[in-house]
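# Observations on chain architecture
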There are 2 protein chains.
Amino acid sequence: MSKYAFGVDVGGTSVKLGLFGAEGELLDKWEIPTVTENQGAAILPDIAKSILDKMEEKSLGEEDVAGIGIGVPGPVDRNGLLVGRAVNLGWDSLDIPKALQAYIKVPVKAANDANIAAFGELWQGGGRGYENMVAVTLGTGVGGGIIVDGRLLAGATGAGGEIGHLHLQDGEAESCNCRNKGCLEQYASATGIVRLAKRRLAEDEKPSTLRQGEITAKAVFDAVKAGDGVAIEIAERFGDYLGKGLAIVSAVVNPEVFVIGGGVSKAGEILLTFVEPCFQKYAFPQCRGAKFVLARLGNDAGIYGAAALVLRQ
Amino acid sequence: MSKYAFGVDVGGTSVKLGLFGAEGELLDKWEIPTVTENQGAAILPDIAKSILDKMEEKSLGEEDVAGIGIGVPGPVDRNGLLVGRAVNLGWDSLDIPKALQAYIKVPVKAANDANIAAFGELWQGGGRGYENMVAVTLGTGVGGGIIVDGRLLAGATGAGGEIGHLHLQDGEAESCNCRNKGCLEQYASATGIVRLAKRRLAEDEKPSTLRQGEITAKAVFDAVKAGDGVAIEIAERFGDYLGKGLAIVSAVVNPEVFVIGGGVSKAGEILLTFVEPCFQKYAFPQCRGAKFVLARLGNDAGIYGAAALVLRQ
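Every value quoted in this text rests on a predicted model; they were computed, and no experiment measured them.

### A few points about the sheet that holds strand β4 (residues 65-72) of chain A
Residue and element names in this part refer to chain A. Across the sheet, which stays open at both edges, the five strands sit in the order β3-β2-β1-β4-β7 with mixed pairing between neighbours. With one partner strand each, in any of the chains shown, β3 (26-33) and β7 (108-112) form the two edges of the open sheet. Each neighbouring strand pair of the sheet contributes to a mean axis angle of 15 degrees, computed without reference to strand direction. Of the strand pairs in this sheet, strand β1 (residues 4-10) and strand β2 (residues 14-20) are connected by six bridges, and their pairing is antiparallel. Directly across from Ala-5, in β2, lies its bridge partner Phe-20. Relative to β7, helix α4 (residues 113-124) is tilted by about 105 degrees, and along the sheet it contacts β1, β2, β4 and β7. Sheet strands in contact with helix α10 (residues 301-311) are β1, β2, β3, β4 and β7, and its direction is about 135 degrees off that of β1.

Rendered as structure tokens:
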């Protein structure tokens, strides 16, 4: 009998939910608000209720559901335990599967949200067909998710794939959100690109459209597409940092493919033209065959990956 | 019925072999020469003959042998295929298990030699009791082996754990053996420590026992133990490079433990006192709990890990 799975992606303001068929087809998706009051005590009951309502709507019994996968913004180990704080939810050290199963009697698996997004891209997105993948999310920060031989690399304390925080630059004066200095994230995130842009613009008076209006990562890449020389220099610096960072990652886990997603990746294929040559320059020769592709699932990567925890792994 | 396993560690000049009991106890070990003529065509038949001889000596039939594990100095993927050249053996692109099974009818598993040494340390050495480990071999070069959730990370092209070749230093003038510039290996290997020592000594005329005699990694750490100020500075630079490199590795795979082996590690625990503080300085906060221990199996790590391929994985 064909089974269904629910994929849940818990964010700080809303929870995304998806109902998937056994072959990974997304049958329905919806959102509910994340109620963070009282250390987020209502979040799991709310999720359980929303799933039970959907099961009733679709006339599904618990025997029809293979399980629920859930992605959480915090350090989750391979057993689904939140091993530290999920700051945006108010949670601290929680056995997520057990807690959710108090409300709904189906198998539950939990993982870190960046990792499940990676898993989603492997299953149904840009990484489809690969078994060894690194997903890179270029958003406000730089997130990562690593798949080794088809399995998520969670790490000892749920920090596997925290590639935004690999040390890349000695002598950096500004601090990263993690309080270290010189993290990849400080140069390759959306805010990092703005940092690089401001620094470049301050170096001289060379004309650039970036000297008018707000500087954003999107503005930089729009200017690149329009042929703005200064913007191209900024993109080259970004590409050098990210290419170098991913070359380092490849010497550790030697992936077949890098899948690049997040808001910054909306710049499109042109982004990769700045990253890949720098990757090739710094990569260990045997790791240079890694492919670069853009993520395909956008904001749905999390619910896909959460469902994959149940249906695939 | 209790089963036996053979662990084989193929080197450029000799092949180490071990006979193990089912609980991982080393019952016998011996060596045979590596005959590299004719693209190393005799190596596998020689190994098979040596194992068959040992089986006869011990009155073991094929049914008593759980299998043979074999470590090879080259890129081996997770299926035991040599996916490139094993330069020191003369081999190129070989299905190692299939080739050995032409001579002896027992299960065969193959992996990269640095990776199996890591696996040996996990099984019976410094990493015992851990499931997420990074082994670091500080020898002529810097090798690495990564274990994730108890499994070897081979990588897409057998280059998983090539941490000696992660880019660490911009602006390096000298080339690494891999032809890149600024690899960790250029500072943290035995030859890298000599490089750091020569550079430090050239900076000024500060007295040091290192100004007499040959400069080796051992001489540097002997001088450190004797309280030589210049040697201590050199060890601090080495520690900064290696600590930083391992902090980067921890942001990728978030291990529970680093197991430090290879010739340089014979300096003993004092080595770790230079590495660990620097690791802490650069590591992502959530990764700072990683332990540092010395390898325990020495040159036997390879045969242990090869046997573990059969008995453990």
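### Regarding the interface of chain B and chain A
Counting residues at the interface gives 43 residues for chain B, matched by 43 residues for chain A. Carbon and sulfur atoms supply 55% of the area that chain B and chain A bury against each other, a total of about 3,400 Å² over both sides. The interface formed by chain B and chain A includes four salt bridges. Between Lys-244 of chain B and Asp-170 of chain A there is a salt bridge, and its shortest N-O distance comes to 2.7 Å.

### Focus: the side chain of His-167 of chain A
You can see His-167 of chain A is positioned in the loop between β10 (151-152) and α5 (185-188). Within the local environment of His-167 of chain A, its side chain forms a polar contact with the side chain of Asp-170 of chain A, the two groups lying 2.6 Å apart. Within the local environment of His-167 of chain A, its side chain forms a polar contact with the backbone oxygen of Lys-181 of chain A, the two atoms lying 3.3 Å apart. Excluding residues within four positions of it along the chain, His-167 of chain A makes contact with Lys-181 and Gly-182 of chain A together with Lys-244, Ile-248 and Tyr-282 of chain B.

### A short note on the pattern of salt bridges
Residues and elements named next belong to chain A. With the rule as written, the count across this model stands at 37 salt bridges over all chains. Of the charged contacts in the structure, one is a salt bridge between Asp-204 and Arg-211, with a shortest N-O distance of 3.7 Å. The residue Glu-233 makes a salt bridge to Lys-206 at a minimum N-O spacing of 3.2 Å. In this pair, Glu-233 is assigned in helix α8 (residues 229-253) and Lys-206 in the loop between α6 (190-203) and α7 (217-225), connecting sequence segments 27 residues apart. The exposure class of Lys-206 is partly exposed, given its relative accessible area of 36%. Within the structure, one salt-bridge network assembled from shared partners comprises Arg-200, Glu-203, Asp-204, Lys-206, Arg-211, Glu-233 and Arg-237.

What counts as what
Residue numbers here run from 1 along each chain, matching the order of that chain's written sequence. Here chains are named by letter from A upward and ligands by number from 1 upward, in the order in which they appear as written. Only residues with pLDDT of 70 or above have their local features reported here, since the model is predicted, and side-chain atom pairs are shown and tallied only from 80 upward, although totals for entire chains, interfaces and linings are computed over all residues. With hydrogens and water set aside, each side-chain value is computed from the structure's full complement of heavy atoms. In this scheme, strands are said to pair when DSSP sees at least two bridges between them. Where helices and strands are cited, they refer to DSSP runs of H or I of at least four residues and of E of at least two residues respectively, numbered from the N terminus. Convention adopted: a line fitted to C-alpha atoms gives each axis, helices being fitted over their contacting stretch, and angles between N-to-C directions are expressed from 0 to 180 degrees. Note on contacts: a residue pair is in contact if any heavy atoms of the two residues lie within 4.5 Å. Two parts placed together each lose some accessible area under a 1.4 Å probe, and the buried area is that loss summed for both. Throughout this description, the term salt bridge denotes a Lys or Arg side-chain nitrogen within 4 Å of a carboxyl oxygen of Asp or Glu. A 3.5 Å cut-off defines polar contacts: any pair of N or O atoms within that distance qualifies, except that in protein one atom must be a possible hydrogen donor and the other a possible acceptor, and neighbouring residues in sequence count only when both atoms are side-chain atoms. Only protein chains enter the calculation, and the probe is 1.4 Å; a residue is then buried if its accessible area is under 20% of its type maximum, exposed if over 50%, and partly exposed in between.

By themselves these figures say nothing about function.
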